[in-house]
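# Geometric and topological summary
Chain residues, written in single-letter form:
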Amino acid sequence: MNLESAWSRAAKRLDSVAVWSGNLVCWMLVPLVLGLTWEVVSRYGFNKPTVWAYDLTFMLYGTFFMLGSAFALQRRGHVRTDMFYERWSPRRQAVIDIGCYLVIFLPFAGFFIFTGWGYFWKAFQTGETFVTSSWQPVTWPFKMAMPVTGVLLLIQGLSEVLKAVHTLQHGQWPDERNPEFQA
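In short, a report on the structure. Source: prediction; values computed, not measured.

Cut-offs used in this document
- Residues numbered from 1 in each chain as written.
- Predicted model: local features only at pLDDT ≥ 70, side-chain atom pairs only at ≥ 80, totals over all residues.
- Heavy atoms only, no water.
- Helix = DSSP H or I, 4+ residues; strand = E, 2+ residues; numbered from the N terminus.
- Rg over C-alpha atoms; globule rule 2.2 N^0.38 Å.
- Buried < 20%, exposed > 50% of the residue type's maximum accessible area, 1.4 Å probe, protein only.
- Contact = heavy atoms within 4.5 Å.
- Areas by Shrake-Rupley, 256 points an atom, 1.4 Å probe, with all protein chains shown as cover.
- Phe/Tyr/Trp six-rings, centres within 6.5 Å; stacked < 30°, edge-to-face > 60°.
- Expected span 1.5 Å × (residues − 1).

Attention now moves to the overall build of the protein chain. Within the protein chain, the regular secondary structure consists of 8 helices and 0 strands. The secondary structure elements of the protein chain, listed N-terminal to C-terminal, are α-α-α-α-α-α-α-α. In terms of overall size, the protein chain is more extended than a compact globule, its C-alpha atoms giving a radius of gyration of 20 Å where 183 residues would be expected to give roughly 16 Å. Expressed along its principal axes, the backbone C-alpha trace of the protein chain runs to roughly 65 × 40 × 30 Å. In the protein chain, buried positions account for 38% of the 183 residues. The long-range share in the protein chain, meaning contacts at least 24 apart out of those at least 6 apart in sequence, stands at 73%. Of the accessible surface of the protein chain, which amounts to about 11200 Å², a share of 69% is contributed by carbon and sulfur atoms.

What follows is the structure, given as structure tokens:
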């Protein structure tokens, strides 16, 4: 039984953006772990804490957390109140999902893009630095993560809406919840 529809094929293409970005963002863990390791060894092994390691780790962790959110959404890693949702039929789940994505999630992603772009652009134009740091790195590369995160969430939110539309038509989810759908 082939449950793949135009909706699910489009959702797969959109999902590939979250998978690609998630795989790319996971590489941010390497400098994060190396920076933390360097700081621990330097601070406790040689009694010479660094100026930059703490700043690097909080900037990378914040960026990692934000840019990985679309991947987490694609993998159903976000918190959901399952005590009701899991008992509903797939079609009822789809109706709730469509309503929540269209009324709450997608407008939020658009707002996040708009607001994040403003923060990024101001930091870029002024050469803003982290004033709480003696290292004082520029902020714009990290503030750029805000509008990029909004775009990634918008794309993945559209994918989730398309999956829900498919479910309304076919009565089954077109993904790993349904073993007949190969992503």
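Turning next to the environment of A53. Locating A53 in the fold gives a position in helix α3 (residues 53-67). Residue classification places A53 among the buried residues on the basis of a relative accessible area of 1%. The spatial distance from the C-alpha of A53 to the C-alpha of W38 is 7.5 Å, given a sequence separation of 15 residues. Sequence-distant contacts of A53, that is, excluding residues within four places in its chain, are made with G35 and E39.

In this structure the tally under the stated criterion is 14 aromatic pairs. For the ring pair W117 and W121, a centre distance of 5.8 Å and an interplane angle of 10 degrees mean the geometry is stacked. Linking W117 with W121, this pair stays in helix α6 (residues 90-126), spanning 4 residues, or about one helical turn. On the basis of relative accessible area, W117 is assigned to the partly exposed category, the value being 45%. By relative accessible area, W121 is classed as partly exposed at 37%. Ring centres of W121 and F124 lie 5.5 Å apart, and the angle between their planes is 25 degrees; this geometry places the pair in the stacked category. Remark: F124 and W121 occur in helix α6; sequence separation between them is 3 residues, near one turn of the helix.

Across residues other than glycine, the phi torsion is negative in most instances, and most of the peptide bonds are trans. The phi torsion at N47 lies on the positive side, around 55 degrees, for a residue other than glycine. Position of N47 relative to the elements: it lies in the loop between α2 (29-46) and α3. Located in the positive-phi region is Q136, a residue other than glycine, with phi close to 55 degrees. Locating Q136 in the fold gives a position in the loop between α6 and α7 (140-143).

A word on helix α8 (residues 145-170). Between the first and last C-alpha of α8 there are 37 Å, a value that for 26 residues agrees with the 38 Å anticipated at 1.5 Å per step. Positioned one or two residues after α8, G171 has a phi angle of 80 degrees, which is positive.

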